[in-house]
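Analysis of the macromolecular model
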Amino acid sequence: MRTAILAAALALAACQPAAEEPAKPAEPATAETAPPPAPEPARPSGPPKSIEAEDDQMPEAWVTDVHLVKDADFKIFSTAGGDPAINGLYTYLAAYTPPDGWTRVYMLGDFNSWDVLEESATRVVLKISRSWIEEGTGDIKTAEEKLIIDLPATPETPVQVTPAT
């Protein structure tokens, strides 16, 4: 009988919820578990270049990429055009002006590719890849660069494009 009571007690104990163990203290962050540091903002590395709005408002071509700038009435877009082996993405910044629409378009350049690294209501930083043919050898050279694009505050203000690090 004692054995039966002991077995019943053990069976009931097994059905009871286990006592909660105290939470383990968080382990300090290590190089393996710490989030990666935020990248430093782009800094100018040369003088800016002013770009006036194009006379042809919106280019009529095959649009390949579009990026709407957060918190600003601007978009960056590319059209397919040139030799795809040497650049080929004609890349523009367009400004939206209500009620007229996309009224100002600025050509930023002719690139192989581009990515938005940073953006705010006043500027965008692009990482671009561009190529050229080296004189004398005819070799194709490619470079990756950063560009700071200062968004114009008024329709009369040109876009400022500055090389960056």
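This text gives an overview of the structure that appears in the document. (Residues numbered from 1 in each chain as written. Predicted model: local features only at pLDDT ≥ 70, side-chain atom pairs only at ≥ 80, totals over all residues. Heavy atoms only, no water.)

With that settled, consider the nonpolar core. Among the nonpolar cores identified, the biggest contains 20 residues, and Leu93, Leu108, Leu126, Ile149, Leu151 and Val159 are the most heavily contacted of them. Mapped onto this core, the elements with two or more residues apiece are β3 (74–80), β4 (89–97), β5 (101–111), β7 (123–133), β8 (140–150) and β9 (159–164). Not counting the four nearest positions on each side in its chain, valine 159 is found in contact with Lys49, Ser50, Ile51, Leu93, Tyr106, Leu108, Ile149, Asp150 and Pro152. (Core = buried A, V, L, I, M, F, W, Y, C linked by side-chain atoms within 4.5 Å. Buried < 20%, exposed > 50% of the residue type's maximum accessible area, 1.4 Å probe, protein only. Helix = DSSP H or I, 4+ residues; strand = E, 2+ residues; numbered from the N terminus. Contact = heavy atoms within 4.5 Å.)

A cluster of nonpolar side chains, Val63, Val66 and Leu68, forms an exposed patch at the surface whose accessible area comes to about 270 Å². Tracing the backbone shows valine 63 in strand β2 (residues 63–68). Taking the relative accessible area as the measure of exposure, valine 63 reaches 40% and is therefore partly exposed. (Patch = residues over 30% accessible without salt bridge, like charges linked within 9 Å, V, L, I, M, F, W, Y side chains within 5 Å. Areas by Shrake-Rupley, 256 points an atom, 1.4 Å probe, with all protein chains shown as cover. Salt bridge = Lys/Arg side-chain N within 4 Å of Asp/Glu carboxyl O.)

Here we take up unusual backbone geometry. Following proline 98, the chain continues to proline 99 via a peptide bond in cis, the omega torsion being -5°. In the Ramachandran plot, asparagine 87 falls in the positive-phi region, its phi being about 60° despite a non-glycine side chain. Within the element layout of this structure, asparagine 87 appears in the loop between β3 and β4. Asparagine 87 gets classed as buried once you look at its relative accessible area, which sits at 10%.

With respect to the helices, strands and loops of the structure, aspartate 65 is situated in strand β2. Separated by 11 residues in sequence, aspartate 65 and isoleucine 76 place their C-alpha atoms 8.0 Å apart. Ignoring sequence-local partners within four residues, the contact set of aspartate 65 consists of Ile76, Phe77, Ser78, Leu89 and Trp114. Of the polar contacts made by the side chain of aspartate 65, one reaches the side chain of threonine 64; its length is 3.1 Å. (Polar contact = N/O pair within 3.5 Å; in protein donor to acceptor, adjacent residues only side chain to side chain.)

Two numbers describe a pair of aromatic rings. These are the distance of the centres and the angle of the planes. The full count for this structure, using the stated rule, is two aromatic pairs. Their ring planes at 20° and their centres at 5.3 Å tell us that phenylalanine 77 and tyrosine 92 sit as a pair that is stacked. Residue phenylalanine 77 is located in strand β3, and its partner tyrosine 92 is located in strand β4; the two are separated by 15 residues in the primary sequence. Classification of phenylalanine 77 as buried rests on a relative accessible area of 2%. The interplanar angle of 65° and the centroid separation of 5.1 Å between the aromatic rings of tyrosine 96 and tryptophan 102 together place this pair among those described as edge-to-face. Accessibility expressed as a relative area gives 34% for tyrosine 96, which makes it partly exposed. Owing to a relative accessible area of 27%, tryptophan 102 belongs among the partly exposed residues under this scheme. (Phe/Tyr/Trp six-rings, centres within 6.5 Å; stacked < 30°, edge-to-face > 60°.)

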